[in-house]
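Summary of structural features
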Amino acid sequence: MPKIKTNRGAAKRFKVTGTGKIVYSRSNANHILTKKTSKRKRTLRKSHIIDKNNKRMVNVLIPYK
């Protein structure tokens, strides 16, 4: 059985924690920040855990975490 290729775009966007949760960073935090509130920008800085519905799809994209 051949190895499965890792999706390189997904590998750069998602990281797996020690407990197996998939962590990602939110979008919309790079430019056009003047019109966004401080609360919104502060929330965008934090990393978030992926939803359980999308976890299976991301596991296919990054099989060898």
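Structure: above.
No experiment lies behind these values; they were computed from the predicted model shown.

In this section: unusual backbone geometry. Here the phi dihedral of asparagine 28 falls at roughly 65°; this positive angle occurs in a residue that is not glycine. Among the structural elements, asparagine 28 can be located in the loop between strand S2 (22-25) and helix H2 (38-45). Positive phi, normally seen in glycine, also occurs at isoleucine 32, with a value near 55°.

Ranked by size, the top nonpolar core spans six residues in total: Ala10, Phe14, Ile22, Ile50, Val58 and Ile62. Apart from residues lying up to four places away in sequence, phenylalanine 14 is in contact with Ile22, Val23, Tyr24, Ile50, Val58 and Ile62.

If you trace the backbone, lysine 21 turns up in the loop between strand S1 (14-16) and S2. Accessibility expressed as a relative area gives 43% for lysine 21, which makes it partly exposed. Each C-alpha atom, one on lysine 21 and one on lysine 52, is 9.5 Å from the other, the two residues being 31 residues apart in sequence. Leave out the neighbours within four places in its chain, and lysine 21 touches Lys15, Val16 and Ile49.

What follows concerns the environment of lysine 41. Relative to the elements of secondary structure, lysine 41 occurs in helix H2. Judged by relative accessible area, lysine 41 falls into the partly exposed class, the value being 28%. Between the C-alpha atoms of lysine 41 and serine 25, which are 16 residues apart in sequence, the distance is 12 Å. The residues touching lysine 41, leaving out its near neighbours within four places in the chain, are Leu33 and Lys36.

Rules used throughout
- Residues numbered from 1 in each chain as written.
- Predicted model: local features only at pLDDT ≥ 70, side-chain atom pairs only at ≥ 80, totals over all residues.
- Heavy atoms only, no water.
- Helix = DSSP H or I, 4+ residues; strand = E, 2+ residues; numbered from the N terminus.
- Core = buried A, V, L, I, M, F, W, Y, C linked by side-chain atoms within 4.5 Å.
- Buried < 20%, exposed > 50% of the residue type's maximum accessible area, 1.4 Å probe, protein only.
- Contact = heavy atoms within 4.5 Å.

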